[in-house]
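Observations on the model geometry
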Amino acid sequence: MTTTIALAGKGGTGKTTVSALLIKAIIARTKKPILAIDADPASNLHLALGLPMPPTVGEIREETSKVALEGQLGVSISRHDYLTHEIRMALEEGDQVDLLAMGRPEGQGCYCAINHLLRVIIDEVNRHYSYVVIDNEAGMEHISRRTTRDVNLLLLVTDPTVRGVKTAGEMARLAQDLEINVQDTKLIINRVTGDLPQPLQEAIDEIGIEIAAMVPADPEVNRMDAMGEPLVKVNSDSPAWTAIDGMAAKILRF
Ligand SMILES: Nc1ncnc2c1ncn2[C@@H]1O[C@H](COP(=O)(O)OP(=O)(O)O)[C@@H](O)[C@H]1O
Ligand SMILES: [Mg+2]
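**Description of the site of ligand 1**
Around ligand 1, the surrounding shell holds 16 residues, and the nearest of these are Lys-15, Thr-17, Arg-191, Asp-218 and Asp-225. Here an oxygen atom of ligand 1 and a side-chain polar atom of Thr-17 are 2.6 Å apart. Expressed as a share of its isolated accessible area of 560 Å², the protein-covered part of ligand 1 is 83%. Counting atoms within 2 Å of the grid points, the majority share of ligand 1 lands in the largest pocket. Every element with two or more residues in the shell around ligand 1 is listed here: helix H1 (15-30), strand S7 (182-192), strand S8 (211-216) and helix H9 (219-227). Along the lines of polarity and charge, the residues of the shell around ligand 1 split into four nonpolar, eight polar and four charged.

**A word on the layout of surface pockets**
Its boundaries defined by the atoms lining it, the largest pocket holds a volume of some 550 Å³. Residue lining of the largest pocket: 29 residues in total, with Gly-14, Thr-16, Thr-17, Asp-225 and Leu-231 positioned closest to the centre. Counting residues per element, the ones that place at least two in the lining of the largest pocket are H1, helix H2 (45-49), S7, S8 and H9. Considering only residue class, the lining of the largest pocket consists of 12 nonpolar, 10 polar and seven charged.

**What to know about the side chain of Thr-2**
Within the fold, Thr-2 resides in the segment before strand S1 (3-8). On the basis of relative accessible area, Thr-2 is assigned to the buried category, the value being 7%. Among the polar contacts made by the side chain of Thr-2, one reaches the main-chain carbonyl oxygen of Asn-126 at a distance of 3.4 Å. From its side chain, Thr-2 meets the backbone oxygen of Tyr-129 in a polar contact 2.9 Å long. The residues touching Thr-2, leaving out its near neighbours within four places in the chain, are Asn-126, Arg-127, Tyr-129, Ser-130, Val-132 and Asn-152.

**Some points on H1**
Taking 1.5 Å per residue as the helical rise, H1 with its 16 residues ought to reach 22 Å, and the 22 Å between its terminal C-alpha atoms agrees with that figure. By the criterion of burial, H1 is predominantly enclosed, with 13 of the 16 residues buried. Phi turns positive one or two residues past the end of H1, at Lys-31, with a value near 60°.

**As for the sheet that holds strand S6 (residues 151-158)**
One open sheet accounts for eight strands, arranged S3-S4-S2-S5-S1-S6-S7-S8; its pairing is mixed. Bordering the open sheet on either side are strand S3 (92-93) and S8, each of which pairs with just one other strand. Sheet topology note: the S3/strand S4 (residues 97-101) ladder contains two bridges and is antiparallel. Paired with Glu-92 across the bridge in S4 is Leu-99. Seen against the sheet, H1 touches S1, strand S2 (34-39), S4, strand S5 (131-136), S6 and S7 and runs at an angle of roughly 170° to S5. Each of S6, S7 and S8 is contacted by helix H10 (residues 239-251), which is oriented at about 165° to S8, the strand it contacts most.

**Structural notes on the pairing of S4**
With respect to burial, S4 is a largely interior element, five of its five residues being buried. Alternating positions in S4 separate into two faces, Val-97, Leu-99 and Ala-101 on one and Asp-98 and Leu-100 on the other, with burial throughout. Of the pairings in the sheet, the one linking S2 to S4 comprises five bridges and is parallel in character. Each bridged residue has a counterpart across the sheet, and for Ala-36 the counterpart in S4 is Leu-99. Hairpin connection between S3 and S4: a loop of three residues separates the two successive antiparallel strands.

The rules behind these values
Residues numbered from 1 in each chain as written. Chains lettered and ligands numbered in written order. Predicted model: local features only at pLDDT ≥ 70, side-chain atom pairs only at ≥ 80, totals over all residues. Heavy atoms only, no water. Near = heavy atom within 4 Å. Polar contact = N/O pair within 3.5 Å; in protein donor to acceptor, adjacent residues only side chain to side chain. Areas by Shrake-Rupley, 256 points an atom, 1.4 Å probe, with all protein chains shown as cover. 1 Å grid on protein atoms, 1.4 Å probe; cavity = no way out; pocket = protein on both sides within 12 Å on 5 of 7 lines; lining within 4 Å. Sits in = over half its atoms within 2 Å of the grid points. Helix = DSSP H or I, 4+ residues; strand = E, 2+ residues; numbered from the N terminus. Nonpolar A, V, L, I, M, F, W, Y, C, P; charged D, E, K, R; others polar. Points joined across faces, edges and corners; volume = space filled by probe spheres on them. Buried < 20%, exposed > 50% of the residue type's maximum accessible area, 1.4 Å probe, protein only. Contact = heavy atoms within 4.5 Å. Expected span 1.5 Å × (residues − 1). Pairing = 2+ DSSP bridges. Axes fitted to C-alpha atoms, helices over the stretch in contact; angles between N-to-C directions.

Honestly, it's all geometry; don't read function into it.
And the structure:
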């Protein structure tokens, strides 16, 4: 059984930061390899994980459509086998985390057959892992296009502002409208300093999404990002890490 966790939220709220720390927490607790999917076209999860930038699924799609158009794909190799090989090659293997970067979503051109095959293959890859963590871009494009399988837990990351919380509420509704199969949705309030003001608390109550974690504003996270250091190497006394690790212990059944 694979548990798929997707992180979403507007730009700059901390999706990639939380993804990297959550991946670290799951690895520390399960000691099993985990699949990280970077579903943001701006692909930067690899930096937080301390991995090189892998070739993207978008690039594979473009290349394959060219090869197919030019008729270079022989009869001896099926498209499925060809794409499976390409995806395996694109999987960046870290110590305990493997990374797949989606790159740009499909454009207007009709790569329908290729897209369908890619979905099937990525689904097959997913099944080899107990945990898959998807770091999304703001629009949840990749989940909405069903590039990835159903989501067990959608974590909506927001800053501690009324506007941010309302946007998170909108995103939860968007997920429903897009008919994404989400089992459970929770809220992560990131970069918290002090108590939540009353209007913010009211906004949270109004959207009615349970808080999974309140992550403090953490100077160590800022410092590491500024220096280009991978966030997975954060000190064990970092407040952001402590909050995410505590959340992992609470909400995931290991
Ligand atoms: N808890 C935190 N404490 C301090 N800085 C944070 C925290 N979470 C995120 N940041 C900083 O905020 C910026 C945006 O975070 P990022 O994870 O890249 O957001 P997103 O992936 O949602 O666009 C980064 O510079 C990151 O270092
Ligand atoms: Mg990001």
